[in-house]
Amino acid sequence: MSSYLRGGEIGACDMASEGLAPGQQPQSPTGEERLILAAFRQECRPGDSAAPSRGLPERIGPYRILREMGVGGMGVVYEAEQAEPKRRVALKVMRSSGSSDHYHFRLFQREIEALGQLNHPSIARIYDAGQTGDGQHYFTMELIDGEPLTEYCEGEDLSLRERLELFLLICRAVHYAHQRGVIHRDLKPRNILVDPAGVPHVLDFGLARFIDPAMDVTHSLFGGPGLMGTLAYMSPEHAAPNTAGIDIRSDVYSLGVILYEMLTGRCPYVSTGHVAEVLRNIAEAEPVRPSAIQRRISNDVETILLRALTKDRERRYQSVEALGEDVRRYLGGEPIEAKRDSTLYVLRKLALKHYFHTSVIAAFLVALLGFSGIVYHYMRQAQQALRLQKVSDKSTQIAYHDMDRFLVDGQQVLRQQAIGWILLEWQAGRLDRAKAILEELKVDSAERLAMQYLVDGDVSVEQLQASLLPGAAPLYHFVLAEKHLQAGRNEQAREQFEECVHASSQKDNLFSRSAAARLRQLRGASTTPASSPVEEGGVK
């Protein structure tokens, strides 16, 4: 394991170790997913194996075959030797696939045309194309002596900066192809080889689409034999039933998945299991925040990654050039162009995710506003009564004191709701969202300082203890326990959670409920281990 990825989860997207839990049944596919599944099964139908049925051919055209390098959905790639000029080349020959031969031939020709338009040091060059006497179509291209991208990063133990510099070279190559009207559509680490000099080479334009519709043969997913490409790296629009909307932003998304894997060692979401589940994840699942896997990933790098992986392509980087430019700015110490989602946008997504809690809070706010109106009305009446009846100063002070206490209690309830949201995001590992909600707590309070200690870490234990009132002991023990739990000190965490429960004088206190939920998890008695302790305890 490389020192860079040590402590993270290792595993390529198309070979991820996740999947369905034991006994878990996949959700039933939707109507659109059934169409894709049918196409996918047709592409993988029995009797249509990609493996060659014969031994290694001695020659193909004028080329002497040395060894087989790989087998794909449309062809076999050999290492071959050319006599004049004498050199080793990669030779790709189209394999027969029955009824799909005509479509595969058109794609084969498009790959030749695409490579013929590209002349870039990080894109394998085409040398020759032809047809054998028995009708086999082939073409030869530059032979790259290198390793697949992710294997190279691990083998060379590249640092985060070195990985970003390598990724920037890949972005420039793909942007060059886009400038010449070619969308790759199958970008993945195994289609990017890195030579011993550290130069990446983009390969396999077999699924390339031309930006000019008049030149393209791949408008629809069903224009050929079925779903083509690698699911784990597909953009949402590529994995959709109608792929007519694919443009250069689809390659931006695929590059985002590749960079995520380069920096974390894993896929942004579960990419194995039932095909319908994978398709649903591509369309809907939000990526796990990279900093939750690798703490060395900075806020700017995380922002770049999440912008490239946005499901809505209108919010995504609009070109590979823009993605690469932000990587360059980061490497140069300049401000990046991508902006984090606004606080309002984050809160709106939180509200949709926690719909029940949001509805309760909204109802409470409406009720509070109603009561505030009643209180204001009675305050006005009280003022008029004081003027007319000359109520004593002492009675006036008592009345105002009671009304102020009512308003303060309402503010405390609202503050507790916000604290509950912060804890939900903290326990889910979404620190940026927790920080965004924390910024909305403008009023200084013991709870706000405790959340700063928990989320930001720039408040010391001594400062926290000195600022808390005696009645805030449950809060103090709860945040200390969370810090112990985060550091893997489970025994100390359990002691602090028990102190939190014992220190609370109210059984329905937010922190005592959450501490009790944590204790059940630590003792292995929780029946819903996937739930957040705050959600289990309830944000009330």
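Note that the coordinates shown come from a computational prediction; the quantities given were computed from them, not determined experimentally.

Draft legend 1. Region of interest: unusual backbone geometry. Note the cis peptide between E84 and P85, where omega equals -10°. By the secondary structure assignment, P85 is in the loop between β3 (75–82) and β4 (87–94). With a phi angle near 55°, D157 is a residue other than glycine that sits in the positive phi range. Locating D157 in the fold gives a position in the loop between α3 (149–155) and α4 (160–179). A residue is classified by how much of its surface remains accessible, and D157, at 36% relative accessible area, is partly exposed.

Draft legend 2. The environment of G229, seen in detail. Relative to the helices and strands, G229 is located in the loop between β11 (209–210) and α5 (248–264). Sequence separation of G229 and L187 is 42 residues, and the distance between their C-alpha atoms is 8.9 Å. In this structure, G229 is in contact with D186, L207 and M234, ignoring residues within four places of it in sequence.

Draft legend 3. Local environment of the sheet that holds strand β7 (residues 147–148). Taken in spatial order, the three strands make up an open sheet running β7-β9-β10, and their pairing is antiparallel. Bordering the open sheet on either side are β7 and β10 (200–202), each of which pairs with just one other strand. Pairing analysis gives two bridges linking β7 to strand β9 (residues 192–194), with the strands arranged antiparallel. Within the sheet, the bridge partner assigned to P148 lies in β9 and is L193.

Draft legend 4. Representation of the pattern of salt bridges in the model. Within the structure shown, the criterion is met by 24 salt bridges. The salt bridge partner of R64 is E81, with a shortest N-O separation of 3.0 Å. One end of the pair, R64, is in strand β2 (residues 63–71); the other, E81, is in strand β3, with 17 residues separating them in the sequence. E81 sits in the partly exposed class, given a relative accessible area of 22%. E237 serves as the salt-bridge partner of R316, at 2.8 Å between the closest nitrogen and oxygen.

Draft legend 5. The arrangement of the packing of α4 against α5 in detail. As a packed pair, α4 and α5 sit with axes 11 Å apart at the nearest point and diverge in direction by 165°. Overall, the two elements α4 and α5 adopt an arrangement that is roughly antiparallel. Considering the relative orientation of α4 and α5, their crossing is right-handed. Here α4 contributes L160, R163, L164, L166, F167, I170, C171, V174 and H178 to the contact with α5, which in turn contributes I248, D251, L255, L259, M262 and L263. Grouping the constituent residues of the contact of α4 with α5 by class yields twelve nonpolar, one polar and two charged.

Draft legend 6. Seen up close, the pairing of strand β5 (residues 126–131). Examined bridge by bridge, β5 and strand β6 (residues 137–142) share five bridges and lie antiparallel to one another. From the neighbouring strand, G130 faces β6, where its bridge partner is Y138. Following β5, the chain reverses through five residues before pairing antiparallel with β6; G135 in that reversal takes a positive phi of roughly 90°.

Basis of the calculations
- Residues numbered from 1 in each chain as written.
- Predicted model: local features only at pLDDT ≥ 70, side-chain atom pairs only at ≥ 80, totals over all residues.
- Heavy atoms only, no water.
- Helix = DSSP H or I, 4+ residues; strand = E, 2+ residues; numbered from the N terminus.
- Buried < 20%, exposed > 50% of the residue type's maximum accessible area, 1.4 Å probe, protein only.
- Contact = heavy atoms within 4.5 Å.
- Pairing = 2+ DSSP bridges.
- Salt bridge = Lys/Arg side-chain N within 4 Å of Asp/Glu carboxyl O.
- Axes fitted to C-alpha atoms, helices over the stretch in contact; angles between N-to-C directions.
- Parallel < 35°, antiparallel > 145°, perpendicular 65-115°, else oblique.
- Left-handed = near helix turned anticlockwise from the far one by under 90°.
- Nonpolar A, V, L, I, M, F, W, Y, C, P; charged D, E, K, R; others polar.

Honestly, that's just the spatial picture; any functional story needs more than this.
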